[in-house]
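A closer look at the structure
Residue-level listing of the chains:
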Amino acid sequence: MAFEGLSEKLAALVKRMKGQVRVTDKDVKDMMREIKLALLEADVSFKVVKDFIATISERAIGIDVLESLTPGQQIVKIVHEELIRLMGSVPAKITYSSAPPSVYMLCGLQGAGKTTTAGKLGAVLRKDGKRPLLVACDIYRPAAVKQLQVVGGQLNIPVFEMGTGTDPVTIAQKAVAHAKSMMYDVVIIDTAGRLHIDEILMDELKRISKAVKPQEILLVVDSMTGQDAVNVAGAFNEKLGIDGIILTKMDGDTRGGAALSTKAITGKPIKYACIGEKLGDIEPFFPDRMASRILGMGDVLSLIEKAQTAYDEKSAMDLEKKIRNQTFTLDDFLEQMQQIKKMGPLQDLLGMLPGVDAKALKGMQFDEKQYGRTMAVIQSMTKRERSYPNIINASRRIRISKGSGTTVQDVNRLLKQFEDMKKMMKQFSGPNGKKMLKGLGGMKRPF
Amino acid sequence: MGLFDKLKKDRPGIEIDAGTMPQEQSEQPEALEVMRDSKVGIFTRLKNGLMKTRNSITTRIDQMLAGFGKVDEELFEELEEILITSDVGMATAGRIVEDLRLRVKRDRIADGDGVRRAIREEIAEILASEAGTMQLRTKPSVILVIGVNGVGKTTSIGKIAHMLKQEGKKVVVAAADTFRAAAIEQLEIWTNRADVPLIKHEEGSDPAAVIFDAIAAVKARGSDILIVDTAGRLHTKKNLMEELKKIYRIIARELPGADMETLLVLDATTGQNAVSQAKTFSELGGLTGLVLTKLDGTAKGGIIISIMSELNVPVKFIGVGEKIDDLQPFDPDTFVEALFGLTEL
Ligand SMILES: Nc1nc2c(ncn2[C@@H]2O[C@H](COP(=O)(O)OP(=O)(O)O)[C@@H](O)[C@H]2O)c(=O)[nH]1
Ligand SMILES: [Mg+2]
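Residues numbered from 1 in each chain as written. Chains lettered and ligands numbered in written order. Predicted model: local features only at pLDDT ≥ 70, side-chain atom pairs only at ≥ 80, totals over all residues.

**Topic: the environment of Gln409(A)**
Where we set the bar: Helix and strand definitions follow DSSP, with helices as H or I runs of at least four residues and strands as E runs of at least two, each counted in order from the N terminus.
Inspection of the secondary structure puts Gln409(A) in helix H19 (residues 408-429). As a C-alpha pair, Gln409(A) and Arg397(A) span twelve residues in sequence and 9.1 Å in three-dimensional space.

**Observations regarding the domain arrangement of chain B**
All names here are of chain B. The following threshold applies: Where a domain begins and ends is set by an automatic assignment or by a domain database. Here, residues touch in the contact sense if the C-beta positions derived from the backbone fall within 7 Å of one another. Under this grouping Gly is polar, as are all residues other than the nonpolar Ala, Val, Leu, Ile, Met, Phe, Trp, Tyr, Cys and Pro and the charged Asp, Glu, Lys and Arg.
Assigned domains of chain B: these are domain 1 (3-127) and domain 2 (141-329). Contacts between the two partners involve 15 residues from domain 1 and, on the opposite side, 15 residues from domain 2. Ranked by residue count, the leading element in the side of domain 1 that touches domain 2 is helix H3 (residues 42-47), at four residues. For the side of domain 1 that touches domain 2, the residue count by class is seven nonpolar, six polar and two charged.

**Things to note about the interface of chain A and chain B**
Interface size is commonly expressed as the accessible area that is lost once the parts come together. The interface of chain A with chain B comprises 38 residues on the first partner and 39 residues on the second. For the side of chain A that touches chain B, the secondary structure elements donating two or more residues are helix H2 (25-41) and helix H6 (144-155) of chain A. Considering each element in turn, the side of chain A that touches chain B owes the most residues, four residues, to H6(A). Of the residues that constitute the side of chain A that touches chain B, the class distribution is 13 nonpolar, 14 polar and eleven charged.

**Looking at the site of ligand 1**
Here is the rule we go by: By definition, a residue lies near a molecule or strand when the C-beta atom built from its backbone is within 6 Å of it.
Taken together, 23 residues are adjacent to ligand 1, and Gln110(A), Gly152(B), Lys153(B), Thr155(B) and Gly319(B) come closest. More than one chain reaches ligand 1: its neighbouring residues belong to chains A and B. It is helix H8 (residues 153-166) of chain B that provides the largest number of residues to the shell around ligand 1, a total of three residues. When grouped by side-chain class, the residues that make up the shell around ligand 1 number four nonpolar, 13 polar and six charged.

**Some words on the confidence of the model for chain B**
Residue and element names in this part refer to chain B. Quick note on the threshold: As a per-residue measure, pLDDT tells how confident the predictor is, with possible values from 0 to 100.
Per-residue pLDDT for chain B averages 81, and the proportion of residues at 70 or more is 77%. Overall, residues 1-39 carries pLDDT values under 50, and its contacts beyond four positions in sequence, including any with other chains, amount to 37 contacts. Segment residues 45-55: pLDDT under 50, and 27 contacts once partners within four positions in sequence are set aside and those in other chains are kept. Per the prediction output, this complex has pTM 0.76; the corresponding ipTM is 0.82.

**A few points about the sheet that holds strand E1 (residues 141-146) of chain B**
Residue and element names in this part refer to chain B. For clarity, the threshold we go by: Strands pair, by our definition, only if DSSP identifies at least two bridges between them. Convention adopted: a line fitted to C-alpha atoms gives each axis, helices being fitted over their contacting stretch, and angles between N-to-C directions are expressed from 0 to 180 degrees.
Here eight strands make up an open sheet; going across it, the order is E3-E2-E4-E1-E5-E6-E7-E8 and the pairing mixed. Both outer strands of the open sheet, strand E3 (198-199) and strand E8 (327-329), are each paired with one neighbouring strand and no more. Relative to strand E2 (residues 171-176), helix H9 (residues 183-194) is tilted by about 170°, and along the sheet it contacts E2, E3 and strand E4 (225-230).

Okay, structure coming up:
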C-alpha cells in the first residue's frame, strides 16, 4: 500500500547514511524524492510540495553533523519542523467580537459538512459560556433548513430561519438583529454549499458578509479533498477574505494533505477539526499532530492525551500487568469496553500509534449498539466462564444467549472479538510490544 | 496579468475563441496557468461546446514539436504534472507517463497528432467500460446507492429516478438513510421533483425495515426498479459497513434472482482517499459501478483512473450540477479530453 509510513522509508535511507560525516547531494535527492511522494500521496497540492521540497533541500544540503544527531535524523527533523512551520506553529483560537454578538459565517463547497459543523461549533462555543444562535441561510439545497433545525433541536440550540423564499442576505440581517434583541452573543450562519467558480453565489456570500460584518468567515473543507483544495480555498479567500478553516471528516483514513494546501494558499489558520458524525465530535486543531499525520508518522501526542483523560493510572498499570501475563479475562474485557467507550473508537486510538497496522484492528471497532449487547452477554456468564472462556461450549452458549436476550451468534461474535483482542495483546507483550509500551512513556498503558 | 485574463475578467462567463487572440508566443507559461486554474468548470465548457484550445496541452505539444522537432522530456514532465494535479495519483501517473514514453520511442512518434492519439489511447485503455448502461433486466430490479458522507448520493438518486422515469420505467425509492438529520425530507423533495413514489419511515428507524417495506411496495405495485438511498458512511467504520451487509442480505433474501446495481458515489473533489473508499466498499462484494459527482467544479476527478486501473469497476454516470438533469453517462473520451484539454477527436 502506498500509505506505508514515510518514517519507515526515511529510516531506511538514514540507515544507509550511517557513519557519514556529511549529507551528500545524492542522499538529499533520495530523501526528497520520498518526501515528495509521501506528500503527494497525502494529497498536498503539487505546487505546495514543490515549494516545500525546495525549502527543505536548501536547508539539508551540506549540513554538518551535530553531536547528537545523525545527518539522516537531522533531515527528518528539518522536514518535521518545516511542515509544522507551514501548518502554523501554534493552535489558532477562535476570536470573539468586543461588541456582541460575534457572527461567524460558514462557507464552502457542497457536501463539505457545513450544517453539521454549524451545530458542532455552536456546542463548542456554548461550552465556552456563550449563548449561540444558528441561522439557516441555505435556501437552495432540499431540506437544508430542516436539517439545521433538527441539528439545533438535538443540541437544544435555537435556529433562526425564514424558510426558503427569502434572500439569504435578509435572513442573515434579520437573524443578527434578532440575536441582539434576544441577547444571543454568538451567531452562526449556515450558508448553502457552492462552487468557488459560481459567480452569482459567491457574490451572495460577499453580500451577506457586507451586511452582517462577521467576526470570522470560516471555510469548511472536507479533509479528503485532493489537488483541487488550493483552487477552492484560494478562490474563497480571494473573494471573501476568510479568517480560518475548519477541517471535516477527519475520522476517516485520509492523510489530510488538504490541510497543508489550504493553509499554504490562504495563510489562514485551521481552527477546528471535526472527527465524527456526532455533534460533540469537534476538537481544536493541532498543527504538529496534523504534520505527523500527513507524514504518516503516527499521532502519538493525540493518543497519549486522549488516553490520559480517560484512564486512571492504577487501573492502567493493572491492565498492563494482565496483558504481560496474558491473564486477561472477560471481566477485564468488559471493563476495557467501558473505558474505551469513554475514549472514542479503539481503532482510531490504536491507529494513531506508529507501527500499528490499521488493518489488524478491523473487527475490533467499538460499536454503540453492540456495546449494550456485549454487556448483557458477559453479565449472563458465570464467574468461572468469564475467567475461563474456553469452557463455554455449545450448551453454555445457548444458555448465555437466552439469559442475555441475545442470539447465539451474538455470543459467538463476542467470544471471537475477545480472542482477537487477546491475540492483539500478545503482540503488545512481545519484544516489540514492550518497546511500544515503553515508548508511550509515563503512560504505561497500551491504549 | 496576461491580456487573456484581463479579457476574461471584463467579460465573465464568456469564452474567448483562441482564433481571435493576438499571438503571444512569449507568454506561454503564464497562459498554461490559466488553463489549470480556469475559472469555468471543464465540464461546463464541454457541455456548452466551448473548448479553449489556446492553452490546451494540444497547443503545447504542437509548439514543442514546432520548436524542437521532437518530443522531449519536458513534455512528459508536464503531462505527469497535469495528471498529478488532476488527482490521478503518483503511482498511476508515473506508470502512464512511462508507458507513453516507451510508446513514443518505440513507434517513433514525432508529430502532434501521434502524441495526442497515444495519450488518448493510453488512458482510454484504462477507462474502457460499459458506461451509462445498467444491467436491470429483471422485474423488479434494484439500484443500491452507497458512499461516504456528502458525496451526492441523494442528489444522484433524484437524477437517476428522473432519468428512469423519463425512459418509462416504474420507479420506487426507499429512504434508507434514516440517520442524517432531514435526509428523508431531502429525498422526499427529490422524489417529488422526479414524480416517483417514496417509501419512508421515521428518522432513526431501522434502514433494513424501510427496505423491507419498499420491496413489499414494489411487489404490490408491480414496479420495475427500486432505488435505495443509504446513509453516508466512512468506509473505515466497521459497524456501519456491517449495516450495509445487512442491507445486501435483506435485498438478496426478499428479491432472490433480481438484477442489482450497486453504485458507489464518489466526489470528484476527493483526492487519493477515493481509492481507499472504492477498495473498501468493493470488498463488500457486488459493486457494479461508480458515479462521479461534482464535475461541474474545477476538480478533474482523475482519481477514477487509479481506481479503474486497480478495481475494474466502471464509472456509469457523472454529476455535473445540482439540477435534476445534471446527470450524464460517463464518456471516457470526453473525460480524457477534459483532463488534458485535448481538442479534436
Ligand atoms: N455542484 C454539484 N453539487 C452536487 C452534485 N451532486 C450533489 N451535489 C451537492 O452536494 C451536496 C451533498 O449532496 P447529497 O446528495 O446530500 O449527498 P449525500 O450525503 O451523499 O446524500 C448537496 O449540496 C448537493 O446539492 C454535482 O454533481 N455538482
Ligand atoms: Mg443523502
